[in-house]
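# Coordinate inspection notes
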Amino acid sequence: DAGVIQSPRHEVTEMGQEVTLRCKPISGHNSLFWYRQTMMRGLELLIYFNNNVPIDDSGMPEDRFSAKMPNASFSTLKIQPSEPRDSAVYFCGTAPGGTAGNTIYFGEGSWLTVV
Amino acid sequence: AQTVTQSQPEMSVQEAETVTLSCTYDTSESDYYLFWYKQPPSRQMILVIRQEAYKQQNATENRFSVNFQKAAKSFSLKISDSQLGDAAMYFCAYRSLTQKLVFGQGTRLTINP
């Protein structure tokens, strides 16, 4: 089975540009998580969805960040406008729903550099 | 809020020897799940092992095992017969019934040949 698929793997963009990161969950997984990893702050949960509905977006840093899950097989994380401090690795993780004991499986990450 | 602490930023071990990575967590919940993830230089997050808090028996996966001490809120990872491919960042993580997964700061493990 295919794992969690993220795109792009790497992106370099200029400050002020819009960035869209994409995630395709494992088929049948109905919980989806977006994390950001930086040297200074480690791994931070930005937002997570259950059955396509955002459950907790308290980790979204500010209004420049938005996330959507229009259907069970696709999610996006958008940054507009981007800033150099947004440079990080962004991970998407998915899990079967129903219990917190289910393991979250992660994609390979999207490495974002904003210059 | 739950917190996870890994007090060892870096560890090193000789190939074929055993190493233990420490993790403590803070929670007021009685039911939760604990995980260790490995992040090699490729940056992918790979599950190593998981533990249910309601189980007293420590989880094992081949060369990897945990020492789960619920009262002490401790969850250490033991790697036996260390191999060069074990070199990576290791993250301890806590998952509550609200389903959030909280990570520790990570421990960088180096394997010396």
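Preceding this paragraph is the structure being described.
All figures in this text were calculated on a predicted structure; none of them were measured in a lab. (Residues numbered from 1 in each chain as written. Chains lettered and ligands numbered in written order. Predicted model: local features only at pLDDT ≥ 70, side-chain atom pairs only at ≥ 80, totals over all residues. Heavy atoms only, no water.)

## A short note on the side chain of Ser 82 of chain B
All names here are of chain B. Definition in use: Here a helix means four or more residues in a row that DSSP labels H or I, a strand means two or more in a row labelled E, and each is numbered from the N terminus. Classification of residues uses two cut-offs on accessible area relative to the type maximum, computed with a 1.4 Å probe and protein chains only: under 20% is buried, over 50% is exposed, and between them is partly exposed. Should any heavy atoms of two residues lie within 4.5 Å, those residues are considered in contact.
Mapped onto the elements, Ser 82 comes out in the loop between strand S9 (74-79) and strand S10 (88-95). In this structure Ser 82 comes out as buried when scored by relative accessible area, which is 1%. With near-sequence residues (within four places) excluded, Ser 82 lies in contact with Val 13, Gln 14, Glu 15, Ala 16, Glu 17, Thr 18, Val 19, Arg 63 and Ile 111.

## Quick look at the interface of chain A and chain B
So the rule is basically this: Put simply, buried area is the surface a 1.4 Å probe can reach on two separate parts but cannot reach once they are joined, added for both. What counts as a salt bridge is simple: a side-chain nitrogen of Lys or Arg found within 4 Å of a carboxyl oxygen of Asp or Glu. N or O atoms closer than or at 3.5 Å make up a polar contact, with two conditions inside protein: a donor-capable atom paired with an acceptor-capable one, and, for residues adjacent in sequence, both atoms drawn from side chains.
Of the residues lining the interface, 24 residues belong to chain A; the matching set on chain B comes to 19 residues. Of the roughly 1900 Å² buried between chain A and chain B, counting both surfaces, carbon and sulfur atoms make up 53%. Inspection of the chain A/chain B interface yields one salt bridge. Lys 100 of chain B is paired through a salt bridge with Asp 56 of chain A; the nearest N and O atoms lie 2.6 Å apart. Linking chain A with chain B are six residue pairs in polar contact (both at pLDDT 80 or more). When contributions to the side of chain A that touches chain B are tallied by element, the ones reaching two or more residues are strand S4 (31-38), strand S5 (42-50) and strand S9 (88-95) of chain A.

## A look at the packing of aromatic side chains
Convention followed: When the centres of two rings from Phe, Tyr and Trp lie within 6.5 Å, Trp using its six-membered ring, the rings pair. Their planes under 30 degrees apart give stacked, over 60 give edge-to-face, and anything left gives tilted. The rule is short: NZ of Lys or CZ of Arg within 6 Å of the ring centre and within 35 degrees of the ring normal puts a charge over the ring.
For the structure shown, the criterion picks out 14 aromatic pairs over all chains. When the ring of Tyr 35 of chain A is compared with that of Phe 106 of chain A, the centres are 5.8 Å apart and the planes differ by 70°; the resulting orientation is edge-to-face. One end of the pair, Tyr 35 of chain A, is in strand S4; the other, Phe 106 of chain A, is in strand S10 (residues 105-106), and 71 residues separate them in sequence. Note on accessibility: Tyr 35 of chain A and Phe 106 of chain A belong to one class, buried. Each member of the aromatic cluster is reached from another via a ring pair, and the members are Tyr 35, Phe 91 and Phe 106 of chain A together with Phe 35, Tyr 37, Phe 91 and Phe 103 of chain B. Over the face of the ring belonging to Trp 111 of chain A we find Arg 43 of chain B, whose NZ or CZ atom lies 4.7 Å from the ring centre.

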